[in-house]
Amino acid sequence: QWTAFTDLTSLPATAFSDLSELENPIVAMHALRPTSGAVLADGAQYLALAQPGTNATAFAFILVDRQPGPVGPAAVCNGPEGTCYYFGSDYNLYRFDGSTAQVVAFLSWLIQASIITINYQSLSSVSMVYVPQTQDILIAIPTETQGVPSTIFAYNILTQQVNIWRYATTNQISSLGLW
């Protein structure tokens, strides 16, 4: 459901799209461009396109891919040039540009090789941020038994390299000033 064009505080009854054909629930929505956005479900990616019309037809929703979805709503961040990145439920990093969701970093091997131990009960607390100055995607992962993020994956878009930063406490992570 979306707000009225001229009144951002009202939700017209006709400004609603039924996406009940989704096999799995919507996990996150993210703007790509001023007139388009990503609807990221667990197992499907939709493109929302603004189009001329009434409240009822203001957006079209198009299924564009069927890849694993994000682990939680905060596991999505902006990227350059109308893209978003997300940490998928298969523990890999994806780039979604409105036409396809592609794995850009296979992070699952770090978990399978026991290099990183994830707190699986706290995966919904994964959070991400894009740093445009360095072209880095930072992913805070809950690795402690309390489910508090203590590890950051840093993926650089330009070099396509992944670095792992470990922190003793969440205060160190939040002191980065990025979250």
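Worth saying up front: this structure is predicted, and the values here are computed from it rather than measured.

J.: Got a minute to help me understand the confidence of the model for the chain in this structure?
T.: Segments scoring low in pLDDT should not have their predicted coordinates read at a detailed level. Per-residue pLDDT for the chain has a mean of 80; in total, 72% of the residues score no lower than 70. In this model residues 172–179 is a low-confidence stretch, pLDDT under 50, and it forms 18 contacts with partners more than four residues away in sequence or in other chains.

J.: Is there a simple way to think about the sheet that holds strand S6 (residues 84–87) in this case?
T.: Each strand in a sheet pairs with its neighbour through backbone hydrogen bonds, running either in the same direction (parallel) or in the opposite one (antiparallel). Pairing within the open sheet is antiparallel, and its 4 strands lie in the order S5-S6-S7-S8. The open sheet has two edge strands, strand S5 (76–78) and strand S8 (101–105), and neither has a second partner. Averaged over all neighbouring strand pairs, the angle between strand axes comes to 30°, with direction disregarded. One ladder, built from 4 bridges, connects S6 with strand S7 (residues 93–96); its direction is antiparallel. Each bridged residue has a counterpart across the sheet, and for cysteine 84 the counterpart in S7 is phenylalanine 96.

J.: Could you clarify how one ought to interpret the environment of glycine 82 in this entry?
T.: In this structure, glycine 82 sits in the loop between S5 and S6. According to the relative accessible area criterion, glycine 82 is buried, its value standing at 12%. The residues touching glycine 82, leaving out its near neighbours within four places in the chain, are Leu32, Arg33, Phe96 and Asp97.

J.: Would you mind showing me how to read the environment of leucine 47 here?
T.: As for its position among the elements, leucine 47 is in strand S3 (residues 44–50). Taking the C-alpha atoms as reference points, leucine 47 and methionine 29, separated by 18 residues in sequence, lie 9.8 Å from one another. Contacts of leucine 47, omitting those with residues within four sequence positions, involve Leu32, Ser36, Gly37, Ala60, Phe61, Ile62, Val64 and Gly98.

Reading guide: rules and limits
- Residues numbered from 1 in each chain as written.
- Predicted model: local features only at pLDDT ≥ 70, side-chain atom pairs only at ≥ 80, totals over all residues.
- Heavy atoms only, no water.
- pLDDT = per-residue confidence, 0-100.
- Contact = heavy atoms within 4.5 Å.
- Pairing = 2+ DSSP bridges.
- Helix = DSSP H or I, 4+ residues; strand = E, 2+ residues; numbered from the N terminus.
- Axes fitted to C-alpha atoms, helices over the stretch in contact; angles between N-to-C directions.
- Buried < 20%, exposed > 50% of the residue type's maximum accessible area, 1.4 Å probe, protein only.

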